Each structure stands twice: as C-alpha cells, then as structure tokens.
Number of protein chains: 2
Amino acid sequence: MDSDSWSPPVVMLAVDLVILTLRRSQVHVLLIERGVEPFRGHRALPGGFLCDRDEPLLDAARRELSEEAGLVVDSLHLEELGVYADPGRDPRGRVVSVAYLAVRPRLPEPTAGTDAAGAGWEPAARVLGGEVAVAFDHRRIVADGIERARRKLEHSALATAFCGPVFTLSELQRVYEAVWDVRLDPRNFYRKVRRADGFVVPVESSRATDTGRPAQLFRAGPGRALNPPMARSGAAYEGETR
Amino acid sequence: MDSDSWSPPVVMLAVDLVILTLRRSQVHVLLIERGVEPFRGHRALPGGFLCDRDEPLLDAARRELSEEAGLVVDSLHLEELGVYADPGRDPRGRVVSVAYLAVRPRLPEPTAGTDAAGAGWEPAARVLGGEVAVAFDHRRIVADGIERARRKLEHSALATAFCGPVFTLSELQRVYEAVWDVRLDPRNFYRKVRRADGFVVPVESSRATDTGRPAQLFRAGPGRALNPPMARSGAAYEGETR
DNA sequence: AGAATAGTGTCTTTTAGACAGTATGGG
DNA sequence: CCCATACTGTCTAAAAGACACTATTCT
C-alpha cells in the first residue's frame, strides 16, 4: 500500500451487554425485543452503536442499557468479554461489537425503551439450548459470558455480585449451584467461604428468616481474589443417608 | 435519535500483537520501530489497520506480523487480549485496536518490514519499567499481555508454548520462574508437572545435555487445562542447606 | 414434637511444600 | 575423584470432601 493515497477502511462500532442475574435459582440473561430492522421482533442482547465518534465504549454500554431496558444502575461493574467482528455478522455492513459482562442481584423488571419493543429476563439455559432464538451472533456471546462467569466464580468474589448488599451463606451457595449446575454440601461450603480471606464479612447482630433456623447475614468482603479458591470439582450433595 | 436520518459514526479498526518469548531466561516482547508518522522512530507493538473492510481480524493480525516483523509462523495461536478504544489514544482520530497475545519458543530474529524501520526483541521488564518507551498506549497493552500470561500459566498448558517441540522439565521450570519471577523447587516441580493430566508426554529414548546428568525430553501433551493447576503461591527455592 | 435450615466438629484422602538421598553425566 | 544436574522418596501441614451431631426457629 502506498503511503499517502491510502487510508484505512472504517467500520461501525457497537457494544453489547450480557447482564446476568439469578431468579428462582436459575441464571437469567437480560434480553430486549428489537424494535427496528434488522431482526425486528427478535430477541437480542441490549446494545447498539456508538452515538458519536468520541463516545467511550463504557459510556455507550451504560447508555444502551438505560435506553433499551430502562435500567440505570449506579456502580454497575462492566467487564470486557470480547470482540465480535466476523464479517457478515450484521447485514448492515462491517459491525464490530465489544461485548461487556455484568452480574447483578435481583434487578427491577426492565422496561422497553426507545429502540426496543420489550425487555425481560430469560433463563440462560433456554438461550444456550436454542429454545429462545436470539439475533446476530448473540447466542455465542451469551455462551461466552456464562463461561466467563463460571470461571470467575472459582477464583474471584464474583458470586457476591449475584447477591444483594447482605445475604446468607445459603443464598451465596445457591449462586454457585445455579451457575455451575452442581449441588454442594452446605457444611463444607460454609467452612470454605468463611476461610477464604476477605470473601464475606459477617454483619453485626442481624438475621433473615424463611423456614428453619435464622441465618447470619454477610456482606461482600474487600477481597477480590479468592484464596484458597473455590474448587469446582464437584462434591455433589445428595442429602444425608438416614 | 430519529430512526431514518441517523447513521452510526464509524471508526478505524486496528490490531496490535503482543508476542512473548523467552531469551536468556527473561520474558521478551516483540517490538518494531515505526517507519511512518505518528510516532515515527519510536518503538511500538507490531500491528496496524485492517487493509480492507471485510478482512477478518485474525487475518489482519497475521498479515501485520509478517509485514512488519517478517515473521511467518504457521500454527501461531493468537488469543484475544482486549480492546483498546480510548478516544485520543491515536492522533489520527478514533482508532479502536484489538490486541492479540501469542507466546512462542525462541523465534528467528525478526527483520524490519514494509512499514517498520526495525524489529527486535526487548525485555518485557524494560518496557513495563519505562526504560524502553513505546508509542500509543502500548505499554499498557504489554502489561495486560504479561498479566494474562502469568494467570494462564497457572491453569493452562501455556508454558509449553514458550518451549520448542521437545524440552526438558528444567526448561519448562525456567518458563515459570521467568514469567512469575519466582524460584521453584525443581523436585516438587517435577512431581506436579508429571502428575498434571496430559500436560507433558515423555519422548521415547531421548535426552539433551548441558552439564550434569542428561534429562528426559518431553513434548507438550494433549491437555489444555491443568488439573491440578500449578499453584503460584511461591514455594521459593533457595538451594539446599548443607 | 417434628420439620427444616443453620452451623460445628471430626475423620479420611489428597495435595503442597520442604528436603534427604540416589542416579548419571562431564571435568 | 568432585561437581552439577536429574530424579525419587518421605515427611508434614493444609485443604477437600464425607458426614455425625448440635442449634434455633416455625408450625
């Protein structure tokens, strides 16, 4: 390529968001129903194009989340998930999308926004299994997001991001069980969580109730990395043999 | 934004490559010397713009590596490292760059290519420490690449990518020691490596020599994930107390 | 009391880390 | 011979996993 006459091709840049939460002990992902072509009427991840050439990507991500799903969450931590850039992934031309992952406790019901005809939570398994069809290459993006969350549960304190500001250790255990799709022994789970440095901090003189003995409440600790990590190998729990 | 008149802004898309290798027991990173503005004469990661609107990103990465550093490596595994998209990171306008990471055994000396005035290996520590200045935000990209490699050593068989087709376990140990900047006990290291499933496979009736007893040669095994993982905690080795 | 969940203790197996000691080459 | 490196074995401490048992609430 000769140096002065050539100028690089340009592409359209978009962001997509994989927002995960737990509902009824199942991992759910936030989907919108597209209100515009292409794929109008299909479900898709919230996301969209930069609105101007100088918009930072994280700003665009937050803006789309609020515009399309009506969700404005302060202190939402978005983690870069990957770049999706296959030529042909979008019929409008070369669209390069940066996907972000966030994990939240039970969020308010999303409401359809400007470009979206609807918004709601869908079980992640139904998206991965294909029972819920999603536009573009969003099924793969969801799969990558779930896989990232699975891995991060082992070595980081991500699990607390699925819980509210305070939580019981059973609630935390249900996060692991839902995301990993395993059953864990609650007794060993308690020991491991409490031993991990800075993972959870007990909240003074407080407790919640459902049925059975009330449980101590905890909040997320300062530790981000888990040491020792939560082993994923299994330790299936079938209940006591009486 | 009104639906029909608006069209999304476009950006220039680039790729950058963090190629790591081991030389004299130190992690080195491949840098080129820029032959064109901006930052002409400065060192930078190999990389550049897509050459046409439909070029896949991985193709662009391989092309730049060959054009700028004269390195054509078949079966070079490039891993996506991240997206660098800060407005203002490039004086030419909004340039979004996707960085890729690769780890290679001792490679042939790179040769300057079309757009590069020079190419060579630089100790990664000198880039991170600022003694070697690099263009754009490439110092951060290098830092992210090194950090990724550090983490991957624990849970994947990445270490073998630093070695040739066959290697001794001391060579493999030197990879961990260089990347993690620790000293490991060779005896425990041998046990752990050989226990990890599919990490290394002994090569039949072969051996290398330097000084001391000749060592068994190994090749990379089929396993990609390391189970159990290599613990990074330390286990410093100071030599025997006699 | 009985059911249900919370939490503790204890035992066994596995793994990490320290390090003695043996094996096998080169000077 | 000595030296250096390659490897094997053994011990100890920590952690994982199985599971008995106690605690505290609700109905």
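Residues numbered from 1 in each chain as written. Chains lettered and ligands numbered in written order. Predicted model: local features only at pLDDT ≥ 70, side-chain atom pairs only at ≥ 80, totals over all residues. Heavy atoms only, no water.

### Digging into the interface of chain B and chain A
Accessible area lost on assembly of the parts is the figure often given for the size of an interface. Contacts between chain B and chain A engage 29 residues on the former and 29 residues on the latter. Of the roughly 2500 Å² buried where chain B meets chain A, counting both sides, 67% is carbon and sulfur surface. For the interface between chain B and chain A, the tally reads 0 salt bridges. Taken together, the links from chain B to chain A amount to 9 residue pairs in polar contact (both at pLDDT 80 or more). Considering each element in turn, the side of chain B that touches chain A owes the most residues, 4 residues, to strand β1 (residues 10-23) of chain B. Of the residues assigned to the side of chain B that touches chain A, the class counts are 18 nonpolar, 2 polar and 9 charged. Sheet topology places strand β1 (residues 10-23) of chain A next to β1(B); 3 bridges connect them, and they run antiparallel. (Contact = heavy atoms within 4.5 Å. Buried area = accessible area lost by both parts, 1.4 Å probe. Salt bridge = Lys/Arg side-chain N within 4 Å of Asp/Glu carboxyl O. Polar contact = N/O pair within 3.5 Å; in protein donor to acceptor, adjacent residues only side chain to side chain. Helix = DSSP H or I, 4+ residues; strand = E, 2+ residues; numbered from the N terminus. Nonpolar A, V, L, I, M, F, W, Y, C, P; charged D, E, K, R; others polar. Pairing = 2+ DSSP bridges.)

### A word on the packing of helix α4 (residues 169-180) of chain B against helix α5 (residues 186-195) of chain B
Residue and element names in this part refer to chain B. Between α4 and α5, the shortest axis-to-axis distance is 10 Å and the interhelical angle comes to 100°. Taken together, α4 and α5 sit at an angle that is classed as roughly perpendicular. On α5, the residues that touch L169, S170, L172, Q173 and Y176 of α4 are P186, F189, Y190, V193 and R194. Tallied by class, the residues present in the contact of α4 with α5 amount to 7 nonpolar, 2 polar and 1 charged. (Axes fitted to C-alpha atoms, helices over the stretch in contact; angles between N-to-C directions. Parallel < 35°, antiparallel > 145°, perpendicular 65-115°, else oblique.)

### Quick notes on the relation of the copies chain B and chain A
When chain B is brought onto chain A, the operation consists of a screw motion whose angular component is 180° and whose axial shift is 0.1 Å, with 0.1 Å RMSD remaining. The symmetry that links the two subunits is that of a two-fold axis. In this assembly the copies share their binding face: 100% of the residues contributing to the interface of chain B also contribute to that of chain A. (Least-squares fit on C-alpha atoms with pLDDT ≥ 70 in both.)

### Looking at the nonpolar core
Counting residues in each nonpolar core, the largest one holds 49 residues, and the members touching the most others are L13(A), I19(A), L57(A), L13(B) and L57(B). Elements that contribute at least two residues to this core include exactly β1, β2 (26-34), α1 (57-69), β6 (95-103) and β7 (116-123) of chain A together with β1, α1 (57-69) and β6 (95-103) of chain B. (Core = buried A, V, L, I, M, F, W, Y, C linked by side-chain atoms within 4.5 Å. Buried < 20%, exposed > 50% of the residue type's maximum accessible area, 1.4 Å probe, protein only.)

### Let's talk about unusual backbone geometry
Residues and elements named next belong to chain A. In this structure, P38 follows E37 across a cis peptide bond, with omega equal to -5°. Relative to the helices and strands, P38 resides in the loop between β2 and β3 (43-44). Its identity is not glycine, yet F39 carries a phi of approximately 65°, on the positive side. With a phi close to 50°, F136 is a non-glycine residue in the positive phi region. Mapped onto the elements of the fold, F136 is located in the loop between α2 (124-128) and α3 (138-155).

### Focus on the environment of S5(B)
Residues and elements named next belong to chain B. Structurally, S5 can be placed in the segment before β1. With relative accessibility at 57%, the residue S5 sits in the exposed group. Expressed as a C-alpha distance, the spacing of S5 and T209, which sit 204 residues apart in the sequence, is 72 Å.

### Thoughts on the side chain of R34(A)
All names here are of chain A. Its location among the elements puts R34 in strand β2. No salt bridge is formed by the buried R34. Its closest oppositely charged neighbour is E68, at 5.6 Å. Side-chain polar atoms of R34 contact the backbone oxygen of P38, separated by 2.7 Å. Residues within four places of R34 in sequence aside, it is in contact with F39, R40, G41, H42, A44, R92, D115, A117, A135 and F136. (Lys, Arg positive; Asp, Glu negative; His and termini not counted.)

### Section: the packing of aromatic side chains
Taken as a whole and assessed by the stated rule, the structure comprises 6 aromatic pairs over all chains. On the basis of an interplanar angle of 65° and a centroid distance of 5.6 Å, the ring pair of Y176(A) and F189(A) is categorised as edge-to-face. With Y176(A) in helix α4 (residues 169-180) and F189(A) in helix α5 (residues 186-195), this residue pair connects regions lying 13 residues apart in the sequence. Under the relative-accessibility criterion, F189(A) is labelled buried at 3%. A centroid spacing of 5.0 Å and a plane angle of 75° characterise the contact between Y176(B) and W180(B), whose relative ring orientation is edge-to-face. Residue Y176(B) and its partner W180(B) are both found in helix α4; the two are separated by 4 residues, about one turn of the helix. For the pair Y176(B) and W180(B), a shared accessibility class is recorded, and that class is buried. (Phe/Tyr/Trp six-rings, centres within 6.5 Å; stacked < 30°, edge-to-face > 60°.)

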